[in-house]
Structure formats: structure tokens, C-alpha cells
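Structural overview
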Amino acid sequence: VRTKIPFESRANLAKSAVARRLFSLMASKRTNLCLAADLTKGDEILDIADKCGPYICLLKTHIDIVEDFSESFIASLKALAARHQFLLMEDRKFADIGNTVSLQYGKGIYKISSWADLVTAHTLPGRSILQGLKAALGGEDAAGGDVAAERGVFLLAEMSASGNLIDDKYKETSNKIATEGGDVDFVAGVVCQSANCFAFPGLIQLTPGVKIDESVDKLGQQYQTPEHVVKERGADIAVVGRGILQAKNVAQAAQTYRDRLWTAYTERVAK
Ligand code: S5P
């Protein structure tokens, strides 16, 4: 089973170049923590990215909640990602027809495709979501290289919200979209809540809804502990937002989550 295979080995199995990079980064930096930087001021995001940077493999944004977005904010965020060695994921959850997602990915104020190594997308529209996103990357670059090789998608196959509409059939078809067909080199992983979402070890399972000491919030979010998501639910990367954002010392909280998640992972592969 994929959950028993170390990240180093899974890097070699991945079809997506970004998934290979991320697996290798996780293994060498010894972290499977993703910070959900759900803050509304650019400077607050940069500050937390700098403080938590040493402990994370991935920083996840919701760029449309930032009130003072600017190109210099993106330049600073990219510089922090390079300095601390983490990748950037824009959690846009694309869900429209191919032509529209292509525009949403590449155009507008945010020009997501120009800076986000990874994005999230719903499988609801079917396979065309992958073709639409890829279209924004324009195929080959000037040197004849494949631009899509530097970008990847995480497909949502499950959600952490209580009462969400995803059923087993939807999960199964989402798995097919992630693992079959001509665009699988663009799929880096799956956002889901359980180990049975997919079997292919070259994909990364990203699991949100993680917190050390709380089981729900007031708006339908459901939390599990770091150990539970990694050992029982198959999470390769755990997403932590408010568990870190609301801590008095965010760097210390990030370190605690990193330590607990990484220990759970090493125990999972050793067992
Ligand atoms: O099913 C999901 C999928 C996602 S990407 N449930 C989620 O909570 N998320 C995201 O993870 C959500 O948009 C938020 O950015 C983060 C969880 O934040 P927290 O503060 O509840 O840890």
C-alpha cells in the first residue's frame, strides 16, 4: 500500500514533475506540514511565511481574501519560498468549464499560473478541468520545454466540511480522473480525508481539517489530530490553518505540528 512507501521512493513513481519535487523536498527537509495562510493582509502572510517557513513543505493561499494584493507581495512571497524552501499552492478550487478556468488561472488581477506551483480544483466538471487549466499554461515555452511540467494540480475527492455532498461514486470517478488519461502528468495529488481515495503511490494525499485540540468550528469544519490523519487517514501532507494562525507563538506551533506529523509519518512507514 502507498502509505507504507517512503516519500523518497514515491518521488520516483510520480508522473507529475511538481509532485516529484515536493516528495523530494518533504524527504530532505523532513516535513509534511502545509500551512494554510488564511490571512487578509499581505504583510501578515509574509510575516507568518517567514516565521513558519523552516517547518513547512507547502504554503497554501486563498489569494482572493487578501485586501492589499500587489505584484510586489507575490515577489516577496516567492523570495521567502526560495529562501526557506517551500512550494506555493493557491487553493482556488477551480470548478468551471475549461475555457473559464483557463482564464481564471492565467488572467485577472492574480495571474495565479505565473506564481503558484500548485492549485486545487474540483473534479465536478470532469476531465475538461485539467485541459482547461493546462490551456492557460500555453503548452511549450520558448525553449521547447513543457511549461506544464513546472505546475501541478491537486484534485478534490473529498471535503472536510460536515454535510458535504460528495459520495462514494464521486470519489471513485475523481480517482479515475486523477490516475487515467492523457493529463495525469499534470495531477500532483488529491485533497481528501481517507486513505481509500486513491491507490497510486505517485500521487500525494493532502488532508485539511487538522488541529491538535479541537474537533469542530462553528461553520462546519471537522478536525482530526495530526497522528490520526497520518496514521489512520492516509494523509501525506496535513494542512493546518487556525491551529497555527491563532497560536501565541506561530513558529513554535508550526514546529510542534511539524514534529508530530513527521513522527507519525516515520512510524507509519516503519511499521
Ligand atoms: O475539504 C477541505 C479542503 C480544503 S483545501 N477542507 C478545508 O478546510 N480546506 C482548506 O484547508 C480550507 O479552505 C482552509 O484554507 C484550510 C483549513 O483551515 P483551518 O483553519 O480549518 O485549519
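Residues numbered from 1 in each chain as written. Predicted model: local features only at pLDDT ≥ 70, side-chain atom pairs only at ≥ 80, totals over all residues. Heavy atoms only, no water.

**Regarding the overall build of the protein**
As a reminder, the rule being used: In DSSP terms, a helix is any run of H or I states spanning at least four residues, a strand is any run of E spanning at least two, and both are numbered starting from the N terminus. Throughout, the radius of gyration refers to the C-alpha atoms, and the reference size of a globule is 2.2 Å times the residue count to the power 0.38. Buried residues are those whose accessible area, probed at 1.4 Å on protein chains only, stays under 20% of the maximum for their type, while exposed residues exceed 50% and partly exposed ones sit between those limits. The contact definition used throughout considers only heavy atoms, calling two residues in contact when any of these lie within 4.5 Å. Where accessible areas are quoted, they stem from the Shrake-Rupley method and a 1.4 Å probe; at the residue level, only the protein chains shown are allowed to cover. Within this scheme the basic residues Lys and Arg register as positive and the acidic residues Asp and Glu register as negative, but His and the chain ends are omitted. Where a charge sits is defined by one atom per residue type, namely NZ (Lys), CZ (Arg), CG (Asp) or CD (Glu).
Across its full length, the protein holds 10 helices and 8 strands. The C-alpha radius of gyration computed for the protein amounts to 17 Å, which stays within 12% of the reference 18 Å derived for 271 residues, consistent with globular compactness. With the principal axes as the frame, the protein shows a C-alpha extent of 45 × 40 × 35 Å. Evaluated residue by residue, the protein yields a buried proportion of 53% over its 271 residues. Taking the contacts inside the protein whose residues are at least 6 apart along the sequence as the reference set, 73% of them involve residues at least 24 apart. Accessible surface, the protein: about 11,800 Å² in total, of which carbon and sulfur atoms supply 51%. When the 33 basic and 33 acidic side-chain charges of the protein are each reduced to a single mean position, those positions are 4 Å apart.

**A word on unusual backbone geometry**
In this structure, Gln85 is a non-glycine residue whose phi angle is positive, near 65°. Mapped onto the elements of the fold, Gln85 is located in the loop between α4 (71-84) and β3 (87-94). Overall, Gln85 belongs to the partly exposed group, its relative accessible area being 47%. In this structure, Lys111 is a non-glycine residue whose phi angle is positive, near 40°. By secondary structure assignment, the location of Lys111 is in the loop between α5 (98-106) and β4 (118-122).

**Some thoughts on the pairing of β4**
Filter applied, for reference: Strands are treated as partners if at least two bridges between them are detected by DSSP. Handedness is read with the strands pointing away from the viewer; a crossover is right-handed when the path from the first strand over the helix to the second is clockwise.
Buried residues dominate β4, accounting for 5 of its 5 residues. Burial along β4 is two-sided: the residues Leu118, Thr120 and His122 and Val119 and Ala121 are all buried. Two strands pair when backbone bridges link them, and β3 and β4 are joined in this way by 3 bridges, in the parallel orientation. What sits directly across from Glu90, in β4, is Val119. Each parallel crossover has a hand, and the one from β3 via α5 to β4 is right-handed. Inspection of the sheet shows β4 paired to strand β5 (residues 152-156) by 5 bridges, in the parallel sense. Residue pairing in the sheet places Ala121 in a bridge with Leu155 of β5.

**Focus: the UniProt feature "active site" (unreviewed entry) in the protein**
Spelled out, the test is: UniProt positions are given in the numbering used here, feature names are shortened, and annotations may be inferred rather than shown by experiment. In the analysis that follows, any N or O atom pair within 3.5 Å is treated as a polar contact, provided that within protein one partner can donate a hydrogen and the other can accept it, and provided that, for residues neighboring in sequence, both atoms belong to side chains.
When the UniProt feature table is mapped to this numbering, "active site" (unreviewed entry) covers Asp91, Lys93 and Asp96. Ignoring any residue separated from it by four or fewer positions in sequence, one finds Asp91 in contact with Lys60, Thr61, His62 and Thr120. Of note is the side chain of Asp91, whose polar atom sits 2.6 Å from the side chain of Lys60. On the accessibility criterion, Lys93 (24% relative accessible area) is partly exposed. With near-sequence residues (within four places) excluded, Lys93 lies in contact with His62, Thr120, Ala121, His122, Leu156 and Met159. Within polar-contact distance, the side chain of Lys93 engages the side chain of Asp91 at 2.9 Å.

**Remarks on α5**
Applicable threshold: This arc corresponds to the set of directions leading from the helix axis out to the C-beta atoms.
Listed as buried for α5 are Gly98, Val101, Ser102, Tyr105 and Gly106. Angular distribution of buried residues about the axis of α5 spans 115°; they occupy a single face of the element. Those residues of α5 that are buried lie in contact with β3, β4 and α6 (128-137). Positive backbone phi, approximately 70°, marks Gly108, located one or two places after α5.

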